Amino acid sequence: MVLRNKILLDLKPAQLAAVCASLVSEGIKVRLWKNNSYIYEPSTTVINVINVLDEHRSSFLELQEKHGVEIPCCLDSQFSGMVEAWASGLTWREMMMDCALDDGDLARLLRRTIDLLAQIPKLPDVDQRLQKNAVDASNVMDRPPISELAG
């Protein structure tokens, strides 16, 4: 449902990565000793897209409830800005200096996002522009030290 939404077609690769991160960030935790104001906030475009998707998510959850289906449908934008920063070229050192995540959690979030982006071109009936942006985002994100991890 998300990947067929036309709102994704005009996103830049880093913005697409940030939106995808909102779909896979469940279970990622912030460091308790850090404050919860992240240095890397998502761009206005990313926030707007996630808000639109959240409206669709609410409708989808209502439909599930109506039919007695209980499948989680998570959308969490709290780490989208960090993923957008990484996909925009920020270094690992810069990320870790200002990050409210442990390095393992950040690496897991980036790896999950790359894995989702890598699946998009393989899906049927997904717009070619979205497929290209997913490949571009995956390629720019999959660099050391993340590329050195088993994916």
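About the cut-offs
- Residues numbered from 1 in each chain as written.
- Predicted model: local features only at pLDDT ≥ 70, side-chain atom pairs only at ≥ 80, totals over all residues.
- Heavy atoms only, no water.
- Helix = DSSP H or I, 4+ residues; strand = E, 2+ residues; numbered from the N terminus.
- Expected span 1.5 Å × (residues − 1).
- Buried < 20%, exposed > 50% of the residue type's maximum accessible area, 1.4 Å probe, protein only.
- Contact = heavy atoms within 4.5 Å.
- Phe/Tyr/Trp six-rings, centres within 6.5 Å; stacked < 30°, edge-to-face > 60°.
- Lys NZ or Arg CZ within 6 Å of the ring centre and 35° of its normal.
- Core = buried A, V, L, I, M, F, W, Y, C linked by side-chain atoms within 4.5 Å.
- Axes fitted to C-alpha atoms, helices over the stretch in contact; angles between N-to-C directions.
- Parallel < 35°, antiparallel > 145°, perpendicular 65-115°, else oblique.
- Nonpolar A, V, L, I, M, F, W, Y, C, P; charged D, E, K, R; others polar.
- Salt bridge = Lys/Arg side-chain N within 4 Å of Asp/Glu carboxyl O.

Novice: Teacher, can you tell me more about helix α5 (residues 103-119) here?
Specialist: Since the α-helix advances by 3.6 residues per turn, residues separated by three or four positions end up pointing in the same direction. Compared with the 24 Å implied by 1.5 Å per residue over 17 residues, the 24 Å span of α5 between its first and last C-alpha is a close match. For α5, the set of buried residues is Asp105, Leu106, Ala107, Leu109, Leu110, Arg111, Thr113, Ile114, Leu116 and Leu117. On the buried face of α5, the contacting elements are α1 (13-24), α3 (80-87), α4 (92-97) and α6 (128-141).

Novice: Sorry, what's going on with the packing of aromatic side chains here?
Specialist: For any pair of aromatic rings, geometry is given as the distance between the ring centres together with the angle between the planes. Per the counting criterion, the structure on display carries 1 aromatic pair. The ring of Trp86 carries the charged tip of Arg143 above its face, separated from the ring centre by 3.6 Å.

Novice: Help me understand the nonpolar core in this model?
Specialist: As a rule of thumb, nonpolar side chains are buried together in soluble globular proteins. Val19, Leu101, Leu109, Leu117, Ile120, Leu130 and Met141 are the most contacted members of the largest nonpolar core, which totals 43 residues. Every element with two or more residues in this core is listed here: α1, α2 (44-66), α3, α4, α5 and α6. Per-element accounting of this core gives the leading share, 8 residues, to α1. Those residues in contact with Val19 that lie beyond four places of it in its chain are Leu8, Leu11, Val46, Val49, Ile50 and Leu53.

Novice: Before we go on, may I ask you to explain the side chain of Glu84 in this structure?
Specialist: By secondary structure assignment, the location of Glu84 is in helix α3. Those residues in contact with Glu84 that lie beyond four places of it in its chain are Ala14, Gln15, Ala18, Pro42, Ser43 and Val46.

Novice: Explain the packing of α1 against α6 here, please?
Specialist: Two quantities define a packed helix pair, namely the angle between the axes and the distance from one axis to the other. Between α1 and α6, the least distance of the axes is 8 Å, while the angle of their chain directions is 85°. Here α1 is positioned roughly perpendicular relative to α6, judged by the angle of their axes. In this structure, α1 uses Pro13, Leu16 and Ala17 to contact α6, whose residues at the interface are Leu130, Asn133, Ala134, Asp136, Ala137 and Met141. Considering only residue class, the contact of α1 with α6 consists of 7 nonpolar, 1 polar and 1 charged.

Novice: Please clarify how the pattern of salt bridges should be interpreted in this entry.
Specialist: Two side chains with opposite charge may pair up if their charged atoms get near one another. Scanning the model with the defined rule gives 6 salt bridges in all. For Arg57, the salt bridge is made with Asp54, and the minimal N-O distance between the two is 3.4 Å. Linking Arg57 with Asp54, this pair stays in helix α2, spanning 3 residues, or about one helical turn. Accessibility expressed as a relative area gives 24% for Arg57, which makes it partly exposed.

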